[in-house]
Amino acid sequence: MEVKLITHGVFFILLAAAARAQVNPEICRYPLGMTGGQIQDEDISASSQWSESTAARFGRLDFDNGDGDGAWCPDIMSEPAGLKEYLQVDLRSLHFITLVGTQGRHADGMGNEFAQRYMIKYSRDGKNWVGWHDRKGRQVIEGNRNAYDVVLKDLEPPIIARFVRFMPVTDHSMIVCMRVELYGCEWLDGLMSYSIPDGHQMIYRGLDVYFNDSVYDGASAERLTKGLGQLTDGTWGLDDFLHSHIYSMWPGYDYVGWSNKSFTKGYVEIIFDFDRVRNFTSMKVHCNNLFSRGVRIFKQATCYFRSGSEWETDPVTFRPTADRVSQIARFVTVPLGDHTATAIKCRFHFGDLWMLFSEVAFQSGSAVYNTSLTPRKHGHPTNTLPGDDPTHKVDDSNTRILIGCLVAIIAILLTIIVIILWRQVWQKMLEKASRRMLDDELTARLAVQTQAFSFHHSSLSTDDSSTSNSTYERIFPLCADYQEPSRLIRKLPEFAQTTENSGAGTLTGGSDSAPHYAEADIISLQESSDSTSHSITAVNMNLFAGTDSSMKEFPRHKLTFKEKLGEGQFGEVHLCEAEGMQDFLGEDLSIEGNNESPLLVAVKTLREDANKNARNDFLKEIRIMSRLRDPNIVRLLAVCVDTDPLCMITEYMENGDLNQFLCSLRLKQNTDQAETEQEEKDGESMDSYSKLIRMAVQIASGMKYLSSLNFVHRDLATRNCLVGKNYTIKIADFGMSRNLYRGDYYRIQGRAVLPIRWMSWESILLGKFTMASDVWAFGVTLWEILTLCKEQPYSQLSDEQVIENTGEFFRDQGKQVYLPKPPCCPERVYTDLMLSCWRRNAKERPSFQDIHIQLMESLA
Ligand code: ADP
């Protein structure tokens, strides 16, 4: 990447240097100093003035000098005929002027004089004056409509001049005042005039094509003399000479051109006169090369030089390589060998029938345009501070430019080196961060989180008796590290070694590939099943390598609504009869304990007004479930996704969710308890205990299956398990298994919603979800089962205290609070199993396989 950067940098610099050969009217729009003060008072003069306080020097645009009356105002009484009055600006050297601005006299509301129309005259030598006109010959420029607004006018064509006169077009009944500014840049070519044979007319397929120099401002006879025109207007012709940059002009407008037939000697002679003696490096001639129409670049240029009165005898001759392939118009550079001269006479030899030029530019020792590569079309003038005008910064030689380029390259390289070094140092610092620092960092974070919780706490109910679903209504603020947990994980000593206990222990990635067991990784793995960059083993990749399409579309009309079963995050869940489902699946479902016909199914429907995120999550849950097949995982039978509303059809679990089921079981027990003796109560309790453990065994079995796929559920809890016939338990609700690190998940008031009472400390603090954090949640689920969901986990703790307790788990100073042993839970199950699920070090937690075995053993 860095290498690319350097190459680009160098390329840019070289290109920028190369692009400085000729003036670019689109960026040559700098204020020349009426407002900024670079133009001195003595260089501003006028034909007359109304009074001393309206003298020429007050005619500066946007400039209210306290001494004056706020503008230049001519004495119109002295010259009632108008058109004779002018405000003159001497720029001290030739300038390329592209834009003018005018303003009236406002004087903070005291004045109301302005020029509605004006004309411009200019001169390069102060003797010969030329009236400016636009490309259509119009001389009068529309000026101001009020005394304060600045009106800018593009000069099309631009002018090359040292002296400029603004001439208000007045009638004697009106007092006019003006403030003006000129915009452009210094004319570094120093070309005062060129002399050429007048351009010819071509008849192309019956079309008149004029190659005359239509904006030439000198004398016109057989030869055009003492003027400048199209060859110096900064406009380069197009490849097809019939077309023009300028709208509604005649064919050939951009070019001055000649036919071979009229020149017996085979060349066109052009004489260039300069302002002073210059040391010429090169000349660039923009030529058309549409050879399919008989036009080619010149085949030879011979240039003579003159410093005094005589032309030197040793000319420079240059023969460009003829291009017989590309018809693109181009600049041809003629090296002038550092000749010193005040005039150059070049003979351009025809390469074909026609020779068309649109621009000529000269580079002489000190003359290099400081232009940029991004020309601007007809924008407002650049706001350049006085003294900042880049056109005035002219280097003395090409060596300086080269030195500048080198310095820039070195600066870029140094910057890159500093960035690389800084990155390395930063990474080392992270690695070396001591545990002590981490402690402080996390303590601080906990404090912040606690504060955040306190804030929300006041507005949220913390009713301890609320149902388990209320967990989802609590709001957990996500801090930056939570969004990007791998940052912190890498810093933790016990996590620094890359992978941790996964139950199946199948991760193979290094520490940088953060040992994510998170479902998000699995999904992305599924979606790019051929990727080898993920840390999941090939075996599991195969398991996920998409049989998504196996989930068939069930005909919606064959579903008959029976009753509403519940409501979830996506929408309602209905009990329905599914006609012909067995045939549809091609399976005998009676093996799975379903004998009804038509089959009863649960249909989960995405609510109609669901947003895109919810829709994606819903489809994601379908994708996940379609790949899971286990007796203890709720089975997805079919889908209706061809039309809205989206539906997933799952097997029906008669006894609803485990949380509610256990609550009702407890109620039955209470009734029993009230009516029975102590020993009967104990007997019932024992009976319930084994029933409960059998439920837990089924959940462990389902989780064992998920762990074999490296699938992290993230939201294991009794509320997310369903109860079928004969106490069959199946894990459900894969909808919460969302990627918590992406911004496009459900948030309540901008915050993620997390089941913090079921979450491991590292899930809460580090955002790390693994099989081991599912094991933690299993411990809580087991605790729920054995307490018959009588109360919420840590019901005596507020949300803030739960978070604080998480911090104690991290600090491990023996201050952490564990869920207490449920009354019916044998000591051994509590200490050996339940507490082991909540071990601080995730690696020391048991796998689901271990849990399954232990639970089975506890039944024996
Ligand atoms: P969500 O995951 O969107 O919160 P759930 O899947 O938990 O929604 O469904 C909401 C409720 O619908 C559950 O609590 C449960 O009572 C009922 N339910 C969902 N699926 C089934 C099913 N397969 N059999 C019976 N009841 C179900």
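Higher on the page you've got the structure.
In this report, we go over the structure that sits alongside the text.

Calculation rules
Residues numbered from 1 in each chain as written. Predicted model: local features only at pLDDT ≥ 70, side-chain atom pairs only at ≥ 80, totals over all residues. Heavy atoms only, no water. Helix = DSSP H or I, 4+ residues; strand = E, 2+ residues; numbered from the N terminus. Buried < 20%, exposed > 50% of the residue type's maximum accessible area, 1.4 Å probe, protein only. Pairing = 2+ DSSP bridges. Axes fitted to C-alpha atoms, helices over the stretch in contact; angles between N-to-C directions. Contact = heavy atoms within 4.5 Å. 1 Å grid on protein atoms, 1.4 Å probe; cavity = no way out; pocket = protein on both sides within 12 Å on 5 of 7 lines; lining within 4 Å. Points joined across faces, edges and corners; volume = space filled by probe spheres on them. Disulfide = S-S within 2.5 Å. Near = heavy atom within 4 Å. Polar contact = N/O pair within 3.5 Å; in protein donor to acceptor, adjacent residues only side chain to side chain. Areas by Shrake-Rupley, 256 points an atom, 1.4 Å probe, with all protein chains shown as cover. Expected span 1.5 Å × (residues − 1). Arc of directions from axis to C-beta. Parallel < 35°, antiparallel > 145°, perpendicular 65-115°, else oblique. Left-handed = near helix turned anticlockwise from the far one by under 90°. Nonpolar A, V, L, I, M, F, W, Y, C, P; charged D, E, K, R; others polar. Salt bridge = Lys/Arg side-chain N within 4 Å of Asp/Glu carboxyl O.

Quick notes on the overall build of the protein
Along the protein, the regular secondary structure elements total 17 helices and 28 strands. Here the protein holds 860 residues, and 53% of them are scored as buried.

Thoughts on the sheet that holds strand 24 (residues 647-651)
Taken together, the 5 strands give an open sheet; going across it, the order is 20-21-22-24-23, and neighbouring strands pair in antiparallel fashion. Two strands bound the open sheet, and with one partner strand each, they are strand 20 (559-567) and strand 23 (636-640). Neighbour-to-neighbour, the strand axes of this sheet turn through a mean angle of 30 degrees, independent of strand direction. In terms of strand pairing, strand 20 meets strand 21 (residues 572-578) through 7 bridges, oriented antiparallel. Among the inter-strand pairings, Gly-566 is bridged to a residue of strand 21, identified as Val-573. Here helix 10 (residues 612-626) sits on the sheet in contact with strand 22 (599-605), strand 23 and strand 24, set at roughly 35 degrees to strand 24.

Notes on empty space enclosed by the protein
Applying the stated rule across the entire model yields 9 cavities of 30 Å³ or more. Space inside the largest cavity adds up to approximately 80 Å³. When contributions to the lining of the largest cavity are tallied by element, the ones reaching two or more residues are helix 13 (761-766) and helix 15 (799-811). Per-element accounting of the lining of the largest cavity gives the leading share, 4 residues, to helix 15.

A look at the environment of Glu-579
You can see Glu-579 is positioned in the loop between strand 21 and helix 9 (581-585). Taking the C-alpha atoms as reference points, Glu-579 and Ser-597, 18 residues apart in sequence, are found 7.5 Å from one another. Ignoring sequence-local partners within four residues, the contact set of Glu-579 consists of Phe-554, Lys-558 and Pro-598.

Description of the state of the cysteines
Under the counting rule described, the total for this entry stands at 3 disulfides. The disulfide partner of Cys-303 is Cys-346, and the S-S distance across this bridge is 2.1 Å. The S-S bond linking Cys-303 to Cys-346 shows a torsion near 110 degrees; that makes this disulfide right-handed. Residue Cys-303 is located in strand 16 (residues 300-306), and its partner Cys-346 is located in strand 18 (residues 330-349); the two are separated by 43 residues in the primary sequence. Since its relative accessible area comes to 0%, Cys-303 is described here as buried. Overall, Cys-346 belongs to the buried group, its relative accessible area being 0%. Described in terms of the sequence order of its bonded cysteines, the disulfide pattern of the protein is 1-4, 2-3, 5-6. In this structure Cys-576 is not part of a disulfide, and its nearest cysteine sulfur, from Cys-647, lies 8.0 Å away. The thiol of Cys-721 is not disulfide-bonded; the next cysteine sulfur, from Cys-789, is found 9.6 Å away. Residue Cys-721 is classed as buried on the basis of its relative accessible area, which comes to 0%.

Quick notes on the site of the ligand
Surrounding the ligand, one finds 16 residues, the nearest of these being Gln-569, Lys-604, Glu-651, Met-653 and Asp-733. Contacts to the ligand include Asp-657, whose side-chain N or O atom sits 3.2 Å from an oxygen atom. For the ligand, whose unbound accessible area comes to 540 Å², protein coverage reaches 86%. Those elements giving two or more residues to the shell around the ligand turn out to be strand 20, strand 22 and strand 24. Among the elements that line the shell around the ligand, the one with the most residues is strand 20, at 3 residues.

Describing helix 17 (residues 848-859)
End to end, helix 17 covers 17 Å across 12 residues, agreeing with the expected 16 Å (1.5 Å per residue, within 8%). Of the residues making up helix 17, those classed as buried are Phe-848, Ile-851, His-852, Leu-855 and Ser-858. Down the axis of helix 17, the buried side of the element spans an arc of 130 degrees, and every buried residue falls inside it.

Some remarks on the packing of helix 16 (residues 827-837) against helix 17
One can describe the packing of helix 16 onto helix 17 by two numbers: an axis separation of 11 Å at closest approach and a directional angle of 165 degrees. Our classification of the angle between helix 16 and helix 17 gives roughly antiparallel. Helix 17 is crossed by helix 16, and the crossing has left-handed handedness. Two secondary-structure elements touch here, helix 16 through Arg-828, Val-829, Asp-832, Leu-833 and Cys-837 and helix 17 through Ile-851, Gln-854, Leu-855 and Ser-858.

A few points about the packing of helix 14 (residues 771-786) against helix 16
Where helix 14 meets helix 16, the axes come as close as 6 Å, and the angle between the chain directions of the two elements is 130 degrees. It follows that helix 14 is oblique to helix 16 by the angle criterion. Where helix 14 abuts helix 16, its residues Val-775, Trp-776, Gly-779, Leu-782, Trp-783 and Leu-786 lie against Leu-833, Met-834 and Cys-837. For the contact of helix 14 with helix 16, the residue count by class is 8 nonpolar, 1 polar and no charged.

Some thoughts on the pattern of salt bridges
Evaluation of the coordinates by the stated rule reveals 28 salt bridges. Put simply, Arg-135 and Glu-156 hold a salt bridge, and the shortest N to O gap is 2.9 Å. Residue Arg-135 is found in the loop between strand 5 (130-131) and strand 6 (141-142), and its partner Glu-156 is found in strand 7 (residues 151-168); the two are separated by 21 residues along the sequence. Classification of Arg-135 by relative accessible area gives buried; the value is 11%. A cluster of three or more residues bridged by salt bridges with shared partners is formed by Arg-135, Glu-156 and Asp-233.

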